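Descriptive structure summary
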Amino acid sequence: MKLLMILMLAALPPLCYADSGCKLLEDVVEKTINSDISIPEYKELLQEFTDSEAAAEAMGKFKQCFLSQSHRTLKNFGLMMHTMYDSIWCN
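Residues numbered from 1 in each chain as written. Predicted model: local features only at pLDDT ≥ 70, side-chain atom pairs only at ≥ 80, totals over all residues. Heavy atoms only, no water.

Each helix and strand counted, the protein chain has five helices and zero strands in total. Put simply, the protein chain has 91 residues, and 30% of those count as buried. In the protein chain, of all internal contacts separated by at least 6 residues, the share reaching a separation of at least 24 is 58%. Accessible area for the protein chain stands at about 6,000 Å²; split by element, carbon and sulfur atoms hold 59% of it. (Helix = DSSP H or I, 4+ residues; strand = E, 2+ residues; numbered from the N terminus. Buried < 20%, exposed > 50% of the residue type's maximum accessible area, 1.4 Å probe, protein only. Contact = heavy atoms within 4.5 Å. Areas by Shrake-Rupley, 256 points an atom, 1.4 Å probe, with all protein chains shown as cover.)

With that settled, the discussion passes to the side chain of Lys63. Within the fold, Lys63 resides in helix H4 (residues 53–67). For the buried Lys63, which has no salt bridge, the nearest side chain bearing the opposite charge is Glu41, at an N-O separation of 7.8 Å. Apart from residues no more than four positions distant in its own chain, Lys63 is found in contact with Lys31, Thr32, Ile33, Asn34, Ile37, Ile39 and Tyr42. (Lys, Arg positive; Asp, Glu negative; His and termini not counted. Salt bridge = Lys/Arg side-chain N within 4 Å of Asp/Glu carboxyl O.)

What follows concerns the nonpolar core. Counting residues in each nonpolar core, the largest one holds 15 residues, and the members touching the most others are Val29, Tyr42, Phe66 and Phe77. Within the residue set of this core, elements represented by two or more residues are helix H2 (23–33), H4 and helix H5 (71–85). (Core = buried A, V, L, I, M, F, W, Y, C linked by side-chain atoms within 4.5 Å.)

On average, residues of the protein chain score 81 in pLDDT, and 74% of them are at 70 or above. Mean pLDDT across the elements of the protein chain bottoms out in helix H1 (residues 2–10) (62) and peaks in helix H3 (residues 39–45) (94). Every residue in residues 13–19 scores below 50 in pLDDT, and together they form 12 contacts with partners more than four places removed in sequence or on other chains. (pLDDT = per-residue confidence, 0-100.)

Here it is in C-alpha cells:
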C-alpha cells in the first residue's frame, strides 16, 4: 500500500501535496477508495491527469489494486489519509 500511495501522489499536480486544503487531492483519494466507481469511470474522471494511453492504463491498474482490497482496508486507508491531513506537519 505504501508504493500505491507514492504512485498516487506522483500522478497528481505538485500543488496538491499539501494538507486537506487541496480539494482535488481529497476528491481523487475518495474516488480511488470508492469501490462503487469502476475502472472505466475512474479513468474518465482522471483523464485530465493522463497524457498517454500508458498513463491511463497505469491509472486503471492502480484503481484495480484498491478494488481488490476489503472494505475494511479501504476504510482504514481513508482514515489514514484524513489523519495525515489533520497532522501537525500538514498545518
